[in-house]
Amino acid sequence: MSVSSVVDTHVEVVTVRTPAERAAFLGLPYRLHRELPLWVPPLRAEQRALLSERRNPFFAHGRARLFLARRRGTVVGRIAAHVNPRFEDHHGTSEGFFGFFDAVDDLAVARALTGAAADWLAEQGRPTVLGPLSFTTNDECGVLVDGFDRPPAVMMPYTPPYYVRLLEGCGFTKAKDLLAWEFPTTFHEEPRLVRAAARLSESRLLTVRPVDMRRFPEEAELIRTLYNAALGDNWGFCPMGEREFSVLARRLKHVLRPDMALIGEVRGRPAGFAIALPDLAPAFAAARGRLFTCGLPLGLARFRSAQRRLSRGRLMAMGVGEEHRGRGLELLMYLALSRACHDRGLGVGEASWVLEDNRQVNAATARLGGRVTKRYRLYRRPVGAG
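Residues numbered from 1 in each chain as written. Predicted model: local features only at pLDDT ≥ 70, side-chain atom pairs only at ≥ 80, totals over all residues. Heavy atoms only, no water.

## Description of a positive patch on the surface
Together, Arg 48, Arg 54, Arg 55 and Arg 290 line one region of the surface with positive charge. Following the sequence through the fold, Arg 54 ends up in the loop between α2 (44-51) and β3 (63-71). What makes Arg 54 exposed here is its relative accessible area of 67%. (Patch = residues over 30% accessible without salt bridge, like charges linked within 9 Å, V, L, I, M, F, W, Y side chains within 5 Å. Areas by Shrake-Rupley, 256 points an atom, 1.4 Å probe, with all protein chains shown as cover. Salt bridge = Lys/Arg side-chain N within 4 Å of Asp/Glu carboxyl O. Lys, Arg positive; Asp, Glu negative; His and termini not counted. Charge placed at Lys NZ, Arg CZ, Asp CG, Glu CD. Helix = DSSP H or I, 4+ residues; strand = E, 2+ residues; numbered from the N terminus. Buried < 20%, exposed > 50% of the residue type's maximum accessible area, 1.4 Å probe, protein only.)

## Quick notes on the pairing of strand β12 (residues 261-266)
Most of β12 is tucked away: six of the six residues are buried. Along β12, one buried face is formed by Ala 261, Ile 263 and Glu 265 and the opposite face, lined by Leu 262, Gly 264 and Val 266, is buried too. Bridging between strand β11 (residues 206-210) and β12 involves five bridges; their strand directions are antiparallel. The residue bridging Pro 210 from the neighbouring strand is Leu 262, located in β12. In this structure, β12 lies alongside strand β13 (residues 269-278), joined through six bridges in antiparallel fashion. Looking across to β13, one finds that Gly 264 is bridged to Gly 272. Linkage of β12 to β13, two consecutive antiparallel strands, is achieved through a turn of two residues, within which Arg 267 is found at a positive phi near 55°. (Pairing = 2+ DSSP bridges.)

## Quick word on the pairing of strand β6 (residues 128-131)
Summarising the sheet, strand β5 (residues 96-103) and β6 pair through two bridges and their orientation is parallel. Bridging from a neighbouring strand, Phe 97 pairs with Leu 130 of β6. Tracing the backbone out of β5, into helix α4 (residues 107-123) and back to the parallel element β6 gives a crossover that is right-handed. Here β6 runs beside strand β16 (residues 371-382); their pairing, made up of four bridges, is antiparallel. By the bridge assignment, Val 129 is partnered in β16 with Arg 381. (Right-handed = clockwise from strand over helix to strand, strands pointing away.)

If you want it as structure tokens, here you go:
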């Protein structure tokens with residue numbers, strides 16, 4: 001595909017090659033969504049690192065191409081197309097992906113962008129395109145299709161309603177929905193659950209412990225091993241390598257609370273994990289995309305001020321090895337997280353995301369008083385459609 005192609009007389013799509021084009025790619029969401037009251041600006045530094053081939057471990061095995069759409073010289077959209085051999089090896093499939101999709105409310109712009117991404121993926125020998133994933137299901141993924149009246153939890157996206165219309169107008173159809181569950185952090189006080197936990201604990205076969213922050217690198221590697229083993233059969237799962245998980249762990253270390261990062265054990269041997277965080281989305285919103293401006297920690301001061309007023313938590317990931325499921329370890333970890341959130345003044349929790357067809361987890365969360373408050377969608381289409 002050529003570096004530049006004119007789709008119609010008004011929309012031009014170009015491959016991102018220059019520093020100025022990369023800056024425009026990074027900057028578009030901040031300009032496009034600044035009037036959305038519930039959109040949370042990600043930190044610009046983290047976005048630069050995510051797209052950096054030197055700093056993001058994804059590029060040790062994956063490839064990506066970034067595109068910008070312009071109309072009369074003004075940037076009106078962006079998209080990334082990427083391939084992920086690690087995903088393909090794990091699932092035995094050949095699929096292309098798109099992510100970082102942002103555009104004005106114009107179907108011609110969306111068609112130009114998705115067409116450019118599909119053309120590049122076709123050149124890579126990928127018959128279909130799935131997304132948005134930025135860059136994997138371990139990163140932000142999905143388009144919001146329900147729950148626009150609620151702010152996103154930390155590290156979850158918020159997209160305007162018209163993105164659904166644009167993508168479906170480009171020939172994309174639903175691949176899978178991802179659910180966000182909201183639940184009160186008081187269910188650890190329910191008598192029936194207290195009795196069940198007491199019975200499980202009496203045998204001393206099942207135990208739950210907090211992550212040992214003094215041994216953080218070793219504990220992070222243990223969680224990575226448990227994560228890959230427990231969730232490996234899930235739809236869309238992409239295994240995390242050592243460097244990839246290490247980068248994520250270092251990013252989370254300063255906001256991780258030991259009593260909200262748990263290891264579940266069976267007869268003293270690790271068998272499951274759970275990772276939750278205080279929902280820092282309001283703090284990131286207060287920072288407005290930057291912790292430092294002209295060398296001054298203005299955003300950092302706003303971040304820390306908002307951090308002291310957090311009232312929610314987010315359960316990011318939880319899993320138990322297949323051979324140990326259904327024995328009660330999941331319940332003990334749920335109760336420990338509920339207690340930790342409650343003790344920290346986090347009255348509401350969000351479990352996100354959960355596959356819509358994960359019947360076991362969805363049923364268990366509903367029994368604990370949870371309700372679905374947001375729905376995100378991943379889309380797929382053949383590369384030649386649209």
